[in-house]
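# Coordinate analysis (summary)
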Amino acid sequence: AAQRLLDSAIAPAGSGKEATLLDATREQRGIGGEVYQFEYVVRLGSGVRLHNICAVAARGDTLYSLTALSPEEEWGDKKESLQRMARSFKLV
């Protein structure tokens, strides 16, 4: 599902962007239900690389998401706090 999202919405063919999926997980987080989390890098047409981490959950007909991103060259300094933030995402 994560790769399909990257290919169809984040970096579709002809967009000049290239997305690389690094990790994708699904887990039960509390009573709020399942959360899908994925990490990916997007290279923009300008050559800039953005490292992203996204957490997604649904309730009924509503989709909730949290996305955090950082320039790739700054990811090492921000990785721990951004991953902790994404892991804390859950519906209550």
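The present account deals with the structure reproduced in this document. The structure presented is a predicted model; accordingly, all values stated were derived computationally and were not measured.

## Observations regarding the environment of glutamine 28
Along the chain, glutamine 28 turns up in strand S1 (residues 18-28). By relative accessible area, glutamine 28 is classed as exposed at 53%. Residues glutamine 28 and leucine 6, spaced 22 residues apart in sequence, show a C-alpha to C-alpha distance of 23 Å. Separated by 3.3 Å, the side chain of glutamine 28 and the backbone oxygen of glycine 30 make a polar contact.

## Considering the sheet that holds strand S3 (residues 49-59)
Across the sheet, four strands lie side by side as S1-S2-S3-S4; this open sheet has antiparallel pairing. A single partner strand is all that each edge strand has here, and the edge strands are S1 and strand S4 (62-71). The mean angle between the axes of side-by-side strands here comes to 15 degrees, regardless of whether they run parallel or antiparallel. Sheet analysis places S3 next to S4, joined by ten bridges and oriented antiparallel. Within S4, the residue paired with leucine 50 across the bridge is proline 71. Sheet strands in contact with helix H1 (residues 2-10) are S1 and strand S2 (34-43), and its direction is about 135 degrees off that of S1. The sheet strands contacting helix H2 (residues 75-88) are S2, S3 and S4, and the helix crosses S4 at an angle near 165 degrees.

## Focus: H1
When we look at burial in H1, the residues that qualify are Ala2, Leu6 and Ile10. For H1, the arc enclosing every buried residue in end-on projection is 50 degrees, short of the 170-degree limit, so these residues lie on one face. Of the residues in H1, the exposed ones pointing more than 90 degrees away from the buried face are Arg4 and Ser8. Buried positions along H1 lie against S1 and S2.

## Concerning the side chain of glutamine 37
Its place among the elements puts glutamine 37 in strand S2. If sequence neighbours within four positions are ignored, glutamine 37 has contacts with Asp23, Ala24, Thr25, Arg29, Ile53, Cys54, Ala55, Ala86 and Arg87.

## Details of the nonpolar core
Judged by nonpolar contacts, Ala2, Leu6, Ile10, Ala11, Ala19, Phe38, Tyr40, Val42, Cys54 and Val56 together constitute the single largest core of ten residues. Listed by contribution, the elements that provide at least two residues to this core are H1, S2 and S3.

## What about the pattern of salt bridges?
Under the defined criterion, the tally for this structure stands at five salt bridges. Its salt-bridge partner being arginine 26, residue glutamate 34 comes within 3.6 Å of it at the nearest N-O pair. Note on arginine 26: relative accessible area 56%, which makes it exposed. Of the charged contacts, one joins arginine 84 and glutamate 80 as a salt bridge, the two residues approaching to 3.5 Å between their closest N and O atoms. Linking arginine 84 with glutamate 80, this pair stays in helix H2, spanning four residues, or about one helical turn. Note on arginine 84: relative accessible area 45%, which makes it partly exposed.

Cut-offs and rules
- Residues numbered from 1 in each chain as written.
- Predicted model: local features only at pLDDT ≥ 70, side-chain atom pairs only at ≥ 80, totals over all residues.
- Heavy atoms only, no water.
- Helix = DSSP H or I, 4+ residues; strand = E, 2+ residues; numbered from the N terminus.
- Buried < 20%, exposed > 50% of the residue type's maximum accessible area, 1.4 Å probe, protein only.
- Polar contact = N/O pair within 3.5 Å; in protein donor to acceptor, adjacent residues only side chain to side chain.
- Pairing = 2+ DSSP bridges.
- Axes fitted to C-alpha atoms, helices over the stretch in contact; angles between N-to-C directions.
- Contact = heavy atoms within 4.5 Å.
- Arc of directions from axis to C-beta.
- Core = buried A, V, L, I, M, F, W, Y, C linked by side-chain atoms within 4.5 Å.
- Salt bridge = Lys/Arg side-chain N within 4 Å of Asp/Glu carboxyl O.

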